[in-house]
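Spelled out from the first residue to the last, the chains are:
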Amino acid sequence: MRWLQWATVDLEKGLGGVEVHARSLSRELNLLGIHSEISSDPQKLKKDWDVIQTHGSAVHFWGTHTASSAIRVHTLHGTTLGRMAACSEWTWPGGYLASLREFFGVLRADVVLAIHSDLWLFKLARILGKTCAVCSNGWDSATDQDVGDLPASGVRSWVQDRLPFWSFIGRGGDPVKATWRVKSLIRDIPSLRIAAAPGDGFEPHSQVQSTGRLDAPQVKELLAQSKGLLLTSKYEGLPLVVLESLAMGTPVLATPVGGLNSLNRDLQGFKLLEFNNEESGSAWSGGVAELEALPGTSEARKKRAEWNRKFLKTWRQVAQCALDAVLRVKK
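The structure reproduced in this document is the subject of the present report. Since the model is a prediction, treat every value here as computed from it, not as a measurement.

Regarding the overall build of the protein chain
For step 1, the next point in the chain: Broken down by element type, the protein chain carries 11 helices and 12 strands.
For step 2, the next point in the chain: Computed over the C-alpha atoms, the radius of gyration of the protein chain is 20 Å, within 12% of the 20 Å expected from 2.2 N^0.38 for a compact globule of 331 residues.
For step 3, the next point in the chain: Considering only C-alpha atoms, the protein chain reaches an extent of 60 × 45 × 35 Å along its principal axes.
For step 4, the next point in the chain: Among the 331 residues that make up the protein chain, the fraction classed as buried is 54%.
For step 5, the next point in the chain: In the protein chain, 63% of the contacts between residues at least 6 apart in sequence involve partners at least 24 apart.
For step 6, the next point in the chain: A total accessible area of about 14,800 Å² is found for the protein chain, and carbon and sulfur atoms account for 51% of it.

Structural notes on the environment of Leu4
For step 1, the next point in the chain: Along the chain, the position of Leu4 falls in strand β1 (residues 2-6).
For step 2, the next point in the chain: Classification of Leu4 by relative accessible area gives buried; the value is 0%.
For step 3, the next point in the chain: Each C-alpha atom of the pair Leu4 and Ala109 lies 14 Å from the other, and the pair is 105 residues apart in sequence.

As for a nonpolar patch on the surface
For step 1, the next point in the chain: On the surface, a cluster of nonpolar side chains totalling about 620 Å² of accessible area is made up of Phe61, Leu97, Leu100, Phe103, Leu107, Trp120 and Leu128.
For step 2, the next point in the chain: Looking at the nonpolar patch, the element that brings in the most residues is helix α3 (residues 93-108), giving 4 residues.
For step 3, the next point in the chain: Turning to its location among the elements, Leu97 is positioned in helix α3.

Here's the deal with the pairing of strand β8 (residues 194-198)
For step 1, the next point in the chain: Most of β8 sits inside the fold, with 4 of its 5 residues counted as buried.
For step 2, the next point in the chain: Here strand β7 (residues 166-170) runs beside β8; their pairing, made up of 5 bridges, is parallel. Bridging from a neighbouring strand, Ile169 pairs with Ala197 of β8.
For step 3, the next point in the chain: For the handedness criterion, the β-α-β arrangement of β7, helix α6 (residues 179-188) and β8 is classed as right-handed.

Comments concerning the pattern of salt bridges
For step 1, the next point in the chain: Using the criterion set out here, one finds 9 salt bridges in the structure.
For step 2, the next point in the chain: For Arg27, the salt bridge is made with Glu28, and the minimal N-O distance between the two is 3.1 Å.
For step 3, the next point in the chain: Two residues, Lys123 and Asp118, come together in a salt bridge whose shortest N-O distance is 2.9 Å.
For step 4, the next point in the chain: Owing to a relative accessible area of 43%, Lys123 belongs among the partly exposed residues under this scheme.
For step 5, the next point in the chain: Given a relative accessible area of 53%, Asp118 falls into the exposed group.
For step 6, the next point in the chain: A single network of salt bridges, built from pairs that share partners, joins Arg83, Glu89, Arg171 and Asp174.

About the cut-offs
Residues numbered from 1 in each chain as written. Predicted model: local features only at pLDDT ≥ 70, side-chain atom pairs only at ≥ 80, totals over all residues. Heavy atoms only, no water. Helix = DSSP H or I, 4+ residues; strand = E, 2+ residues; numbered from the N terminus. Rg over C-alpha atoms; globule rule 2.2 N^0.38 Å. Buried < 20%, exposed > 50% of the residue type's maximum accessible area, 1.4 Å probe, protein only. Contact = heavy atoms within 4.5 Å. Areas by Shrake-Rupley, 256 points an atom, 1.4 Å probe, with all protein chains shown as cover. Patch = residues over 30% accessible without salt bridge, like charges linked within 9 Å, V, L, I, M, F, W, Y side chains within 5 Å. Salt bridge = Lys/Arg side-chain N within 4 Å of Asp/Glu carboxyl O. Pairing = 2+ DSSP bridges. Right-handed = clockwise from strand over helix to strand, strands pointing away.

Written out as structure tokens, the structure is:
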């Protein structure tokens, strides 16, 4: 079977969740004996493929391929309308265009995959009679990579001086990440230190250290050294950094958004709390204290990691889910 993942964005080099998903899926499909490729080159679409897969809004209105016999697969990692609603971005013209491309991807698809089931376009796909499956995201995207040295910044000195800190990972300048909530926590907890990667969206503050852009091994090292991960977003799909943190035994304090609500509540070191106002901020201060009280030794983290991995999908399971859905169509 020949399987192409195609997008209008660079799936090979991008660092976003969609790009990591595509690369991890391609890797596992190849290990399952499927000839899998990734491309953003329109010329690739003219070749003979058994499966052509697209992602999110990274599709063209003029069509995805010329081989009518290929099975079309479309993966939903979230919805732009969902984000717009969460952030009240109703005056964003590009959002409506992206939403239309997502709808077009679903409409043309034979198979619709989603990282969690509570997406309106996924529910629509079921109504339309598409072959549907919840593929989720995997946690082991960096298992073949060693941890990397942290950049020469204040974070490295925190590690060397054994000072506790929490991690915030994501584009802080994006309104969906709601960095004001982190700033509220800093006011409530004067001892709280935040390592922000890459650090945009934060004003200079003695309790916040921007790391700059980190690669995957460096992110893994940052999480390993952290007391925990903070995710204060207004909207998410199913963040890879949360899955990878839990699989490492690193605690996670997050808002109950997107696919985070679908994660097993038996996961250790995982707490979801609303954060809508100053009163919510007080609850988050309590959440930080609760997770900081968990044993932080390497042995304790190892035990949490072993337990949590039982409830998290690997990329091999994600790939098998996508392959099974395609095989159902072929039959």
